[in-house]
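Read off the chains here:
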Amino acid sequence: MPEIKYKRILVKLSGEALMGQQAAGIDPQMIDKVAADLVALARSGVEVGVVVGGGNLFRGAGLAEAGLDRVTGDHMGMLATVMNALALQDGLQRQGVAVAVMSGLAMPQVCESYSQRDARRRLADGEIVIFAAGTGSPYFTTDTGASLRAIEIRADLLIKATKVDGIYDKDPVKHSDAVRYSDLDYDRAIDQRLAVMDVAAMILCNDNALDLVVCDINQPGALLDLARGNSVGTRVTRKEAQK
């Protein structure tokens, strides 16, 4: 077996990645596919944390523009991430692995409350830990929540798994001449407002020297390839690391 380069990885899954071919909601087949990829990663010896978005079920931004209170909308979005986390937990459990859901919002009848110490212990014991409800506070995206949780659990790598195979200089859906980057530094990604993660998330990663890879969750074996140090998607690092 090829050697694993990273001991602990946090995977950020966009909510849209769980839709599969559906227009919205959760595709059970996609849950099973993502769960299988995460199980393969865990059984290779990697300690796996996961943060799930909620955009497939609810997006508060549009409703906020229409007059919905921003804090209310953000809380609704957090609840959507919990729903996705529970669906993914079920998919993982059906594949025979130990898994826990930890929420930034307290809801003891549904899942555990987030604890940095408990999360690290559970990961070290071989459990897959899913972090739900973002940071637990409004005005922060799940991208920022993923960066924060990755830093708190001392992850060696943050993977943002989406429906796109990396970072482009412009929207590849709208522009056929869009160019994909293989490597970037955070300063350039922030300055050029490239569609990587929100600025707060990238600043957290940059300040804590945490490498980020953006890849396509539908690419077979992508997560395992990244764990082995292979080139997949687009890697974003501190500028000093590229010298």
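Please refer to the structure placed before this passage.
Report on the accompanying structure. Note that the coordinates shown come from a computational prediction; the quantities given were computed from them, not determined experimentally. (Residues numbered from 1 in each chain as written. Predicted model: local features only at pLDDT ≥ 70, side-chain atom pairs only at ≥ 80, totals over all residues. Heavy atoms only, no water.)

**What to know about the pattern of salt bridges**
Put simply, the test is: We count a salt bridge whenever a side-chain nitrogen from Lys or Arg sits within 4 Å of a carboxyl oxygen from Asp or Glu. Note on conventions: DSSP H or I runs of at least 4 residues are helices, E runs of at least 2 residues are strands, and numbering of each starts at the N terminus. Burial here depends on accessible area, computed with a 1.4 Å probe over protein chains only, as a share of the maximum for the residue type. Under 20% is buried, over 50% is exposed, and the range in between is partly exposed.
Under the definition given, this model contains 15 salt bridges. Note that Asp-177 is salt-bridged to Lys-170, the shortest N-O span being 3.1 Å. Among the salt bridges present, the one from Asp-187 reaches Lys-239, with a minimum N-O distance of 3.8 Å. A residue pair is termed long-range when its members are at least 10 positions apart, and Asp-187 in helix α6 (residues 186-191) and Lys-239 in the segment after β11 (234-237) qualify at 52 residues. According to the relative accessible area criterion, Asp-187 is partly exposed, its value standing at 31%. Look at Lys-239 and you get partly exposed, because its relative accessible area is 41%. When salt bridges with common partners are traced through the structure, they connect Lys-12, Asp-143 and Lys-160 into a single cluster.

**Remarks on the packing of helix α5 (residues 142-152) against helix α7 (residues 199-207)**
Stated formally: All axes here are fitted lines through C-alpha atoms, helices being fitted over the stretch that makes contact, and every angle between N-to-C directions spans 0 to 180 degrees. The cut-offs work like this: below 35 degrees is roughly parallel, past 145 is roughly antiparallel, 65 to 115 is roughly perpendicular, and the gaps in between are oblique. Each crossing gets its handedness from the near helix: less than a right angle anticlockwise from the far helix is left-handed, clockwise is right-handed. Should any heavy atoms of two residues lie within 4.5 Å, those residues are considered in contact.
Remark: α5 packs on α7, axes separated minimally by 7 Å, with the N-to-C direction vectors making an angle of 15 degrees. As far as their axial angle goes, α7 and α5 are roughly parallel. The interaxial crossing formed by α5 with α7 has left-handed handedness. Across the interface between the two elements, Asp-143, Thr-144, Ser-147, Leu-148 and Ile-151 of α5 pack against Ala-200, Ala-201, Leu-204 and Cys-205 of α7.

**Remarks on the sheet that holds strand β3 (residues 99-103)**
What counts here: Strands are treated as partners if at least two bridges between them are detected by DSSP.
Reading across the sheet, the 9 strands line up as β4-β3-β5-β2-β1-β6-β10-β11-β9 and stay open at both edges, with mixed pairing between neighbours. Lying at the two open borders of the sheet, with one neighbouring strand each, are β4 (112-113) and β9 (183-185). Bridging between β3 and strand β5 (residues 128-132) involves 5 bridges; their strand directions are parallel. Bridge assignment links Ala-100 to a residue of β5, and that residue is Val-129. Together, β1 (8-13), β2 (47-52) and β5 form the strand contacts of helix α1 (residues 28-43), whose direction differs from that of β2 by roughly 150 degrees.

**Brief notes about the packing of aromatic side chains**
Defined as follows: Working definition: a ring pair exists when centres of Phe, Tyr or Trp rings (six-membered ring for Trp) sit within 6.5 Å. Plane angles under 30 degrees give stacked, over 60 give edge-to-face, the rest tilted.
Inspection of every chain in the model, using the stated rule, returns 1 aromatic pair. Ring centres 5.7 Å apart and planes at 75 degrees place the aromatic pair Tyr-114 and Phe-131 in the edge-to-face group. Note that Tyr-114 is positioned in the loop between β4 and α4 (116-124) and Phe-131 in strand β5, a separation of 17 residues in sequence. The exposure classification of Tyr-114 matches that of Phe-131, with both residues buried.

**With respect to the state of the cysteines**
Our working rule: Criterion for a disulfide: a pair of cysteine sulfur atoms within 2.5 Å.
Overall, the coordinates contain 0 disulfides when judged by the stated rule. Considering cysteine sulfurs only, Cys-215 is the nearest to Cys-205, which forms no disulfide, with 14 Å between them. On the accessibility criterion, Cys-205 (0% relative accessible area) is buried.

**Describing the nonpolar core**
Put simply, the rule is: Here, nonpolar core refers to any group of buried Ala, Val, Leu, Ile, Met, Phe, Trp, Tyr and Cys residues whose side-chain atoms link them within 4.5 Å.
Leu-38, Val-50, Leu-88, Leu-92 and Ile-130 are the most contacted members of the largest nonpolar core, which totals 44 residues. The leading source of residues in this core is α1, at 7 residues. Ignoring anything within four residues of it in the chain, the contact list for Leu-38 reads Val-11, Val-48, Val-50, Leu-88, Leu-92, Ile-128 and Leu-223.

**Observations concerning unusual backbone geometry**
Even without being a glycine, Arg-193 presents a positive backbone phi close to 55 degrees. Positionally, Arg-193 belongs in the loop between α6 and α7. For Arg-193, a relative accessible area of 66% gives the class exposed. The phi torsion at Ala-209 lies on the positive side, around 55 degrees, for a residue other than glycine. Inspection of the secondary structure puts Ala-209 in the loop between α7 and β10 (212-216).

Bear in mind that shape data such as this cannot, by itself, settle questions of function.
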